[in-house]
Amino acid sequence: MTSDSLTVETPAGTVHATAGPRSGDAVVFELAGAMRGSVHVTGTHHPQYWDRFTAVRACLGPVNAYQTTAPDDALPRLARGHSGYRGSLTLCPGAAGRPEVSVCPLETAAGHEPSPKTAATLTAVLRACAEHVMRREDLPVILTASRQRDAPALLRFLDWSVTHHQAEAARYEAEARAARPARRSAVAAWWTVARWFTASPQPVLLVMLADHPGSLSRHVSVMEWWAPYCLTAASREHDHARRAETEAACLRNAQVRQRARDREKPAESVNSRRSWVGSHPPISNYY
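All values derive from a computational prediction rather than experimental measurement.

Chemist: So what's going on with the overall build of the protein? Residues and values would help.
Modeler: Per the secondary structure count, the protein includes four helices and ten strands. Looking at the protein residue by residue over its 287 residues, the buried ones come to 36%. Taking as baseline every contact in the protein between residues at least 6 positions apart, the subset at least 24 positions apart corresponds to 55%. Surface accessibility of the protein: about 16,600 Å² in total, with carbon and sulfur atoms responsible for 57%.

Here it is as structure tokens:
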């Protein structure tokens with residue numbers, strides 16, 4: 001695709017962003033006008049679905065900030081400013097055709113928060129670049145290349161997530177089992193003290209029976225809801241583990257399908273060439 005130039009109206013003035021040729025899974029925009037520097041746009045997964053590569057992410061700087069860090073002197077800055085800025089914006093399809101936008105914290109190279117005017121300028125430029133890439137004809141190529149790039153790290157994270165959530169579920173289930181006899185013991189202790197108080201109403205026994213932090217009554221109250229809470233938490237952890245397993249399986253299946261398509265491409269190319277040769281006279285016949 002040929003270079004495209006965007007004109008972005010921002011609180012700091014007009015910014016011109018020119019898209020260079022696509023390089024693999026990324027498009028880099030060179031900025032001029034009210035800002036100078038560059039913006040790096042690549043594909044990424046949906047923020048809520050790790051296996052669905054339907055979003056694009058625009059990073060301030062010439063590189064993918066999620067893989068490497070741009071030098072301070074390569075960060076974009078306002079035309080009349082001296083501070084370089086870091087940050088990113090993710091754009092993905094949303095409900096009713098309205099895109100969903102999330103912005104990572106914007107900050108200077110020194111780690112300071114930009115002014116509201118500067119933040120609005122940076123956000124406008126990032127969003128314009130992301131929207132341009134989202135409309136490109138080669139977006140499917142960008143998203144496929146991005147999935148191939150990120151899949152190994154995502155699979156490592158998802159595999160860890162499955163193990164982590166399963167371990168958490170087991171821990172909550174063990175606590176739920178232990179909570180039942182603990183609740184019975186707490187109730188028995190409360191009634192024992194209540195009988196002592198009935199036989200000899202001492203103030204210290206009344207303090208033990210009253211509902212306040214650290215008392216027997218409060219301990220019984222906590223034990224009443226602790227087991228159901230642990231079971232609910234365990235169920236939630238099992239759900240998280242199953243979702244991570246499903247997303248990991250989808251990513252692996254996508255990798256398998258992509259490798260199959262990659263293996264078929266050379267054969268398709270050869271078959272296409274043979275078909276062309278078989279349907280046309282020898283080249284020497286044209287001379």
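Back to the write-up after that little detour.
Chemist: Pulling in residues and values, what's your account of the pattern of salt bridges?
Modeler: For the structure shown, the criterion picks out eleven salt bridges. Arginine 149 is the partner of aspartate 25 in a salt bridge, and the nearest nitrogen-oxygen pair spans 2.1 Å. With aspartate 25 in the loop between strand S2 (13-19) and strand S3 (26-33) and arginine 149 in helix H2 (residues 139-199), this residue pair connects regions lying 124 residues apart in the sequence. Per residue, the accessibility class of aspartate 25 equals that of arginine 149, and both read buried. Sharing partners across several salt bridges, the network here consists of Arg22, Arg136 and Asp138.

Chemist: Got a sec to walk through the packing of aromatic side chains? Specific residues and values, please.
Modeler: Tallying each qualifying case throughout the model produces four aromatic pairs. Of the aromatic side chains, those joined through ring pairs into one cluster are Trp50, Phe157 and Trp160. The positively charged end of arginine 52 is found above the aromatic ring belonging to tyrosine 49, 3.9 Å away from the centroid. If you follow arginine 57 out to its NZ or CZ, it ends over the ring of tyrosine 66, 3.9 Å from the centre.

Chemist: Explain the nonpolar core to me, using residue names and the numbers behind them.
Modeler: Grouped together as the largest cluster of nonpolar side chains are 30 residues, with contacts concentrated most on Phe29, Val39, Val41 and Val133. At seven residues, helix H1 (residues 116-134) tops the list of elements feeding residues into this core. Ignoring anything within four residues of it in the chain, the contact list for phenylalanine 29 reads Leu6, Ala17, Thr18, Ala19, Gly37, Ser38, Val39, Val41, Cys129, His132 and Val133. Of all hydrophobic cores here, the second largest spans eight residues; its members include Leu154, Leu158, Val162 and Leu251.

Chemist: Give a detailed account of the state of the cysteines, specifying residues and quantitative values.
Modeler: This model, assessed by the stated rule, comprises zero disulfides. In this structure cysteine 104 is not part of a disulfide, and its nearest cysteine sulfur, from cysteine 59, lies 7.9 Å away.

Chemist: Go over the side chain of arginine 57, please, and point to the residues and values.
Modeler: By secondary structure assignment, the location of arginine 57 is in strand S5 (residues 55-60). An unpaired buried charge is present at arginine 57: no salt bridge exists, and aspartate 150, the closest side chain of opposite charge, is 4.9 Å distant. A distance of 3.4 Å separates polar atoms of two side chains, one belonging to arginine 57 and the other to asparagine 64. Once you skip the residues sitting within four places of it in the chain, arginine 57 turns out to touch His40, Val41, Thr42, Thr44, Asn64, Tyr66, Ser88, Leu89, Thr90 and Arg149.

Chemist: Please provide a residue-by-residue account of the confidence of the model for the protein, values included.
Modeler: With 83% of its residues at a pLDDT of 70 or more, the protein has an overall mean of 83. Segment residues 268-287: pLDDT under 50, and two contacts once partners within four positions in sequence are set aside and those in other chains are kept.

Rules behind the numbers
- Residues numbered from 1 in each chain as written.
- Predicted model: local features only at pLDDT ≥ 70, side-chain atom pairs only at ≥ 80, totals over all residues.
- Heavy atoms only, no water.
- Helix = DSSP H or I, 4+ residues; strand = E, 2+ residues; numbered from the N terminus.
- Buried < 20%, exposed > 50% of the residue type's maximum accessible area, 1.4 Å probe, protein only.
- Contact = heavy atoms within 4.5 Å.
- Areas by Shrake-Rupley, 256 points an atom, 1.4 Å probe, with all protein chains shown as cover.
- Salt bridge = Lys/Arg side-chain N within 4 Å of Asp/Glu carboxyl O.
- Phe/Tyr/Trp six-rings, centres within 6.5 Å; stacked < 30°, edge-to-face > 60°.
- Lys NZ or Arg CZ within 6 Å of the ring centre and 35° of its normal.
- Core = buried A, V, L, I, M, F, W, Y, C linked by side-chain atoms within 4.5 Å.
- Disulfide = S-S within 2.5 Å.
- Lys, Arg positive; Asp, Glu negative; His and termini not counted.
- Polar contact = N/O pair within 3.5 Å; in protein donor to acceptor, adjacent residues only side chain to side chain.
- pLDDT = per-residue confidence, 0-100.

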